[in-house]
Amino acid sequence: AKLELARTYTLRWEDKNIFPVPLEVFVSVPAEASKQDVVLYFHGLTEKHRRAPTDNTRRATISIQCPDEVHFPDEASARRYFWFHVGTKSNWARFKYDKLVVCQNLLAAVAAAVDSAMHLLRDVALRSLPAGEPAAAPSDSSVAVQAPPRLTV
């Protein structure tokens with residue numbers, strides 16, 4: 001996928017080696033390539049990820065839909081998700097977080113989806129620079145790694 005300035009996208013991240021189901025990723029691209037701030041928005045339990053607070057005059061926004069339930073191929077029943085926690089809805093609603101388990105698979109999947117979205121945002125910024133203008137050096141060496149994006153439209 002190639003992104004364009006001042007547009008929003010609903011993309012799909014998928015890598016079954018990391019997480020068994022695809023994640024839907026909302027990306028809002030800033031109107032100017034020089035705007036490099038990014039908000040990573042995690043929606044609430046009853047919110048939708050596409051309702052993330054966007055402001056393309058100031059920043060990019062990345063928001064990922066948290067899956068409600070996921071059935072892993074080698075497990076008999078589906079896992080209930082509350083962001084990076086797995087457990088029952090009643091324990092989540094009653095703030096009994098000690099009865100929930102952190103899900104490393106979902107943490108890894110969201111990290112990979114965010115990395116892919118950042119790669120696409122960097123690509124649109126570099127393509128949008130005026131001719132002859134040098135690209136700013138990455139402030140983080142991990143940004144310079146050209147990992148293939150796993151996001152599709």
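Here, the structure is the one placed above.
Note that the coordinates shown come from a computational prediction; the quantities given were computed from them, not determined experimentally.

Draft legend 1. A look at the environment of Ala125. Turning to its location among the elements, Ala125 is positioned in helix α2 (residues 104–127). For Ala125, a relative accessible area of 19% translates into the label buried. For the pair Ala125 and Ala33, spaced 92 residues apart in sequence, the C-alpha to C-alpha distance is 4.5 Å.

Draft legend 2. Here's a closer look at unusual backbone geometry. Positive phi values are uncommon outside glycine, yet Ala6 reaches one of about 60 degrees. Positive phi is not limited to glycine here, since Phe95 has a value of about 60 degrees.

Draft legend 3. α2, seen in detail. Spanning 24 residues, α2 covers 35 Å between terminal C-alpha atoms, matching the ideal 34 Å at 1.5 Å per step. Among all positions of α2, only Leu106, Ala109, Val110, Ala112, Ala113, Val114, Ser116, Ala117, Leu120, Leu121, Val124 and Ala125 are buried. Against the buried residues of α2 lie β1 (8–13), β2 (23–28), β3 (38–41), β4 (60–64), β6 (79–82) and β9 (151–152).

Draft legend 4. Here's a closer look at the sheet that holds strand β5 (residues 69–70). Across the sheet, which stays open at both edges, the four strands sit in the order β5-β6-β7-β8 with antiparallel pairing between neighbours. Each of the sheet's edge strands pairs with one partner strand only, and the pair in question is β5 and β8 (101–102). Pairing geometry for strand β7 (residues 85–86) and β8, over two bridges, is antiparallel. Bridge pairing links Val86 to Val101 in β8.

Draft legend 5. Structural detail: the pattern of salt bridges. Per the stated rule, a full pass over the model turns up eight salt bridges. With its nearest N and O atoms 2.5 Å apart, the salt bridge here joins Arg79 to Glu75. For Glu75, a relative accessible area of 26% gives the class partly exposed. What you see here is one network of salt bridges that share partners, running through Glu4, Asp123 and Arg127.

Draft legend 6. Spotlight on the environment of Glu47. Residue placement: Glu47 occurs in the loop between β3 and β4. Within polar-contact distance, the side chain of Glu47 engages the side chain of Tyr41 at 3.2 Å.

Draft legend 7. How the structure looks around the nonpolar core. Judged by nonpolar contacts, the single largest core of 31 residues is most densely connected at Leu3, Trp13, Phe19 and Tyr81. Mapped onto this core, the elements with two or more residues apiece are β1, β2, β4 and α2. Looking at which element gives the most residues to this core, the answer is α2, with 10 residues.

Draft legend 8. Highlighting the pairing of β6. With two bridges joining them, β5 and β6 adopt antiparallel strand pairing. Residue pairing for β6: Glu69 is matched across the bridge by Arg80. Across two bridges, β6 lies against β7 in antiparallel orientation. For Tyr81, the partnering residue across the bridge sits in β7 and is Val86. Here β6 folds back onto β7 in antiparallel fashion, the turn holding two residues, of which Trp83 has a positive phi close to 55 degrees.

Draft legend 9. Main features of the side chain of Ser63. Structurally, Ser63 is set in strand β4. Here Tyr41 takes part through its backbone oxygen, which lies 3.4 Å from a polar atom of the side chain of Ser63. Polar contacts involving the side chain of Ser63 include one to the main-chain carbonyl oxygen of His49, which spans 3.0 Å. Dropping the residues within four chain positions of it, Ser63 is found in contact with Glu24, Val25, Phe26, Tyr41, His49 and Ala52.

Each value, and the rule that gives it
- Residues numbered from 1 in each chain as written.
- Predicted model: local features only at pLDDT ≥ 70, side-chain atom pairs only at ≥ 80, totals over all residues.
- Heavy atoms only, no water.
- Helix = DSSP H or I, 4+ residues; strand = E, 2+ residues; numbered from the N terminus.
- Buried < 20%, exposed > 50% of the residue type's maximum accessible area, 1.4 Å probe, protein only.
- Expected span 1.5 Å × (residues − 1).
- Contact = heavy atoms within 4.5 Å.
- Pairing = 2+ DSSP bridges.
- Salt bridge = Lys/Arg side-chain N within 4 Å of Asp/Glu carboxyl O.
- Polar contact = N/O pair within 3.5 Å; in protein donor to acceptor, adjacent residues only side chain to side chain.
- Core = buried A, V, L, I, M, F, W, Y, C linked by side-chain atoms within 4.5 Å.

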